[in-house]
Amino acid sequence: MNSHLDLDSRKAAQRVGLTSDTIVIRGGKPLNGRIEVRGAKNLVTKAMVAALLADTPSILKGVPEISDVHVVKGLLEAHGVVVDELMPGELRLDPSNVSSAHFAEINAHAGSSRIPILFCGPLLHQLGEAFIPDLGGCRIGDRPIDFHLNALRALGAVVEKLDDGIHLTAPDGLIGANIELPFPSVGATEQVLLSAVRAEGTTELKNAAIEPEIMDLIAILQKMGAIISVEPNRVIVIEGVQKLRGYVHTAIFDRNEAASWASAALATHGDITVGGAKQQELMTFLNVYRKVGGEFEVLEDGIRFYHPGTPLKPVMVETDVHPGFMTDWQQPLIVALTQAEGTSVVHETVYENRFGFTDALNTMGADITVHQSGIASITRRVPRRPLEQAAVVTGPTHLTGADVRVPDLRGGFSHLIAALAAEGTSTISNVGIISRGYELFIDKLEQLGADFELV
Ligand code: UD1
């Protein structure tokens, strides 16, 4: 598994022109300054796939320079889509000549990305068949695709499992259906949107995810000619249309990246203005940030996050589906919580294995205990499977530099923050993984005055 990660990390680093995937950080210095965030990884990659559904080109703006964008670009090109960069951050996607690609070709581009699963609906509409290789993604829990396959089956797809992946056909075309997800999965909701939008008839999706990135995807599909209504209680109704045209769209900002830099400001006693961040999509995060003792100032064109110099306070947080506290925010926040005065408890209820990164923090001097089952009864926003872990973080602890290895995207960023907050030198390997979702993070570290070098 480690050598697989190494390869992924090296490939990811290469895709965005990183010369090395090991970084040496001399920590203990506050991060101060301004950086910009652009389009959200969790929207941009899906918006690129949506372009496949049209019969004319689309233009996507605010595209970040992250390796996951390169992965989707490669996958689209393997399927005959012409992708041109009109200017930095602006892509033109022309689906006029969509064609089939083989497992090997898809695999070569996808690596461990889970994005190929979202190609199913668009390819079934355009070509009548789709191949999906074995899927990876960040190794946080098993990350199954059963919701996706069941939804596709409900819409009329025939799913055949082969040795090296999955082959899908739709002999009678995709047909609208009533679907209820067992859990408001982001990916499965997108799967239904991208598949039902050109299906014959109406699809009613119950227990849908309603994350801001999904709303932005719906906005894109509406620009393309779709009829989709978001109704109360997580119901989305999609009235199928025969044809869709290309869109012009500026992607919603990356709220996960913004929350990560906000936590970095807190953990390092710093002051970071995140240009492009907006309050509305971060309200839940901002509430917790304030409870921990972090300060923020909402500006016209961004948000300033800073440590006010007074002791940080412990919190109880439960990750949740939107509008709850997002699972991607807990890893960077936990680094800040190691500096709070008292005991914090973070429950992870979305993924079954997202606290692995805390081992490295403990090596650096943190006091974090992970309980495999929750330690308190918590109120549930939506019913879900009995999977939850709790991390108990006792602070404040003195962090010191260590040699650590990036396990996944968000865990990796929290290792970076911990190293920046720690006294002494840390060597972090596998940082290529971080470039999957954090645009130009090396340049941003430089802008914020971090003391480091790539080796
Ligand atoms: C997306 C985001 C990720 C975020 C997550 C939850 C992208 C690229 N990634 O991931 O940053 O953390 O939403 O907000 O947008 N599940 C199943 N079967 C399925 C699908 C999911 O059991 O077929 C489970 C997963 O294992 C997980 C939970 O449902 O426990 C939520 O997963 P999901 O919302 O689908 O996450 P992603 O779309 O993969």
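Going along each chain's sequence as written, the residues are numbered from 1 onward. Owing to the predicted nature of the model, reporting of local features is limited to residues with pLDDT of at least 70; listing and counting of side-chain atom pairs is limited to 80 or more, with chain, interface and lining totals taken over all residues. Excluding hydrogens and water, the side-chain figures rest on all heavy atoms present in the structure.

### Comments concerning the overall build of the protein chain
Our working rule: Under the scheme used here, helices are H or I runs from DSSP no shorter than 4 residues and strands are E runs no shorter than 2 residues, and both carry numbers assigned from the N terminus. In this treatment the radius of gyration is a C-alpha quantity, and the globule benchmark scales as 2.2 Å times the residue count to the 0.38 power. We call a residue buried when its accessible area falls under 20% of the maximum for its residue type, exposed when it is over 50%, and partly exposed in between, using a 1.4 Å probe and counting protein chains only. Whether two residues are in contact is decided by their heavy atoms: any pair within 4.5 Å suffices.
Counting secondary structure elements, the protein chain contains 14 helices and 23 strands. Here the protein chain has a C-alpha radius of gyration of 21 Å; the compact-globule value for 455 residues is 23 Å, and the two agree. Projected onto its principal axes, the C-alpha coordinates of the protein chain cover approximately 65 × 45 × 45 Å. Taken over 455 residues, the protein chain has a buried fraction of 59%. Sequence separation of 24 or more characterises 75% of the internal contacts of the protein chain that already satisfy a separation of 6 or more.

### Examining the sheet that holds strand β15 (residues 295-299)
Note the threshold: Two strands are counted as paired when DSSP detects at least two bridges linking them. The axes are straight lines fitted to the C-alpha atoms, using for helices just the contacting stretch, and the angles between their N-to-C directions are given from 0 to 180°.
Spatial ordering of the open sheet is given by β2-β14-β16-β15, a layout of four strands whose pairing is mixed. Two strands bound the open sheet, and with one partner strand each, they are β2 (32-36) and β15. Put simply, the sheet's adjacent strands are angled 15° from each other on average, direction ignored. Examined bridge by bridge, β2 and strand β14 (residues 271-275) share five bridges and lie parallel to one another. Residue pairing across strands places glycine 33 opposite isoleucine 272, the latter belonging to β14. Along the sheet, helix α9 (residues 255-267) contacts β2, β14 and β16 (302-306); its crossing angle with β14, the most-contacted strand, is approximately 170°.

### Regarding the packing of aromatic side chains
Here a ring pair, both rings aromatic, is described through the centre-centre distance and the interplanar angle of the planes. Convention followed: Only rings of Phe, Tyr and Trp enter the pairing, Trp through its six-membered ring, and a pair is recorded when the two centres are within 6.5 Å. The plane angle decides the type: under 30 degrees is stacked, over 60 is edge-to-face, the rest tilted. Only lysine NZ and arginine CZ atoms are considered, and such an atom sits over a ring when it is within 6 Å of the ring centre and within 35 degrees of the ring normal.
All told, the structure shown has seven aromatic pairs when counted by the stated rule. Pairing tryptophan 261 with phenylalanine 413 gives two aromatic rings, centres 5.0 Å apart and planes at 85°, and the pair type is edge-to-face. One end of the pair, tryptophan 261, is in helix α9; the other, phenylalanine 413, is in helix α13 (residues 409-421), and 152 residues separate them in sequence. In terms of burial, tryptophan 261 and phenylalanine 413 fall into one category: buried. Feature note: the residues Phe285, Tyr289, Phe305, Phe325 and Trp329 constitute an aromatic cluster, connected by ring pairs. One Lys or Arg, arginine 304, reaches over the ring of tyrosine 306 and ends 3.9 Å from the middle of that ring.

### Some remarks on the environment of glutamate 160
With respect to the element layout, glutamate 160 can be found in strand β7 (residues 158-162). A relative accessible area of 41% means that glutamate 160 is categorised as partly exposed. In sequence terms glutamate 160 and threonine 250 are 90 residues apart; their C-alpha atoms lie 37 Å from each other.

### Here's the deal with the packing of helix α11 (residues 327-337) against α13
This is how it is decided: Convention used here: angles under 35 degrees read as roughly parallel, angles over 145 as roughly antiparallel, angles from 65 to 115 as roughly perpendicular, and any remaining angle as oblique. Note on convention: the crossing is left-handed when the near helix lies turned anticlockwise from the far helix by less than a right angle, right-handed when the turn is clockwise. For this classification, Asp, Glu, Lys and Arg are treated as charged, while Ala, Val, Leu, Ile, Met, Phe, Trp, Tyr, Cys and Pro are nonpolar and the rest, including Gly, are polar.
The interhelical angle for the contact between α11 and α13, taken along N-to-C directions, is 15°, at an axis separation of 8 Å. Considering the angle they form, α11 stands roughly parallel to α13. For α11 against α13, the interelement crossing comes out right-handed. Packed against α11, whose contacting residues are Asp328, Gln331, Pro332 and Val335, the element α13 presents Arg410, Gly411, Ser414, Ile417 and Ala418 at the interface. Here the contact of α11 with α13 is built from residues that sort into four nonpolar, three polar and two charged.

### Some thoughts on the site of the ligand
Going by this rule: For each residue, the test is whether any non-hydrogen atom lies within 4 Å of the molecule or strand; if one does, the residue is near. For the purposes of these results, a polar contact is taken to be a pair of N or O atoms within 3.5 Å, where, inside protein, one atom must be able to donate a hydrogen and its partner to accept one; residues adjacent in sequence count only when each atom of the pair is a side-chain atom. Only the protein chains shown count as cover for residues, and all accessible areas are computed by the Shrake-Rupley method using a 1.4 Å probe. Those domain boundaries reflect an automatic or database domain assignment.
Within the structure, the ligand sits among 21 residues, and Asp146, Ser185, Val186, Asp328 and Val350 are positioned closest to it. For the ligand, an oxygen atom lies 3.0 Å from a polar atom in the side chain of asparagine 42. Within the contact set of the ligand, an oxygen atom lies 2.6 Å away from a side-chain nitrogen or oxygen of serine 185. The protein chains hide 93% of the 750 Å² of surface that the ligand would expose on its own. Going through the elements one at a time, α2 (41-50), α6 (146-154), α7 (186-196) and α11 are the ones with two or more residues in the shell around the ligand. Partitioned by chemical class, the residues of the shell around the ligand number eight nonpolar, five polar and eight charged. A domain-level breakdown of the shell around the ligand finds at least three residues from each of domain 1 (3-37 + 254-454) and domain 2 (41-250).

### Focus: the pairing of strand β18 (residues 342-348)
To keep it simple, the criterion reads: Looking down the strands as they point away from the viewer, one classifies a crossover as right-handed if the path from the first strand across the helix to the second runs clockwise.
Where burial is concerned, most of β18 is hidden: five out of the seven residues are buried. By the bridge criterion, three bridges tie strand β17 (residues 316-318) to β18 in an arrangement that is parallel. The residue of β18 that forms the bridge with methionine 316 is valine 345. Between β17 and its parallel partner β18, the chain crosses via α11, and the hand of that crossover is right-handed. Here β18 pairs with strand β20 (residues 389-395) via seven bridges, running antiparallel. Counted as the bridge partner of serine 344 is valine 393 from β20.

### Describing the side chain of aspartate 216
Rules: Neither His nor the chain ends contribute to the count of charged residues, in which Lys and Arg are positive and Asp and Glu negative. Salt bridge, as applied in this entry: a Lys or Arg side-chain nitrogen positioned within 4 Å of an Asp or Glu carboxyl oxygen.
Within the element layout of this structure, aspartate 216 appears in helix α8 (residues 212-224). One buried charge, aspartate 216, has no salt-bridge partner; the nearest side chain with opposite charge is lysine 223, at 6.9 Å. In this structure the side chain of aspartate 216 is engaged in a polar contact, spanning 2.9 Å, whose partner is the backbone nitrogen of isoleucine 252. Apart from residues lying up to four places away in sequence, aspartate 216 is in contact with Leu43, His249, Thr250, Ala251 and Ile252.

### Regarding the domain arrangement of the protein chain
By a widely used convention, the size of an interface equals the accessible area lost when the partners come together. Taken domain by domain, the protein chain consists of domain 1 (3-37 + 254-454) and domain 2 (41-250). One C-alpha centre belongs to domain 1, the other to domain 2, and the line joining them spans 29 Å.

### Structural notes on the environment of phenylalanine 325
Tracing the backbone through its elements, the reader meets phenylalanine 325 in the loop between β17 and α11. Beyond its immediate sequence surroundings of up to four residues, phenylalanine 325 is in contact with Thr284, Phe285, Val288, Val317, Glu318, Thr319, Asp320, Gln330 and Leu333.

### So, the nonpolar core
Where we set the bar: Residues enter a nonpolar core if they are buried and are Ala, Val, Leu, Ile, Met, Phe, Trp, Tyr or Cys, with the set joined through side-chain atoms within 4.5 Å.
One finds Leu168, Leu221, Trp261, Leu282, Phe285, Phe305 and Phe441 to be the most contacted residues of the largest nonpolar core, which totals 157 residues. Ranked by residue count, the leading element in this core is α9, at eight residues. If you count residues domain by domain, this core takes at least three from each of domain 1 (3-37 + 254-454) and domain 2 (41-250).

### Considering helix α3 (residues 67-78)
Three- or four-residue spacings in an α-helix give side chains the same orientation, since the helix completes a turn every 3.6 residues. Just so we agree on the cut-off: What a helix is expected to span follows from its residue count: subtract one and scale by 1.5 Å.
The end-to-end C-alpha separation of α3 is 17 Å, in line with the 16 Å expected for twelve residues at 1.5 Å each. When you tally the buried positions in α3, you get nine out of twelve residues, the bulk of the element. By the burial criterion, the buried members of α3 are Ser67, Asp68, Val69, Val71, Val72, Gly74, Leu75, Leu76 and Ala78. In the stretch just after α3, glycine 80 is the one whose phi turns positive, near 85°.

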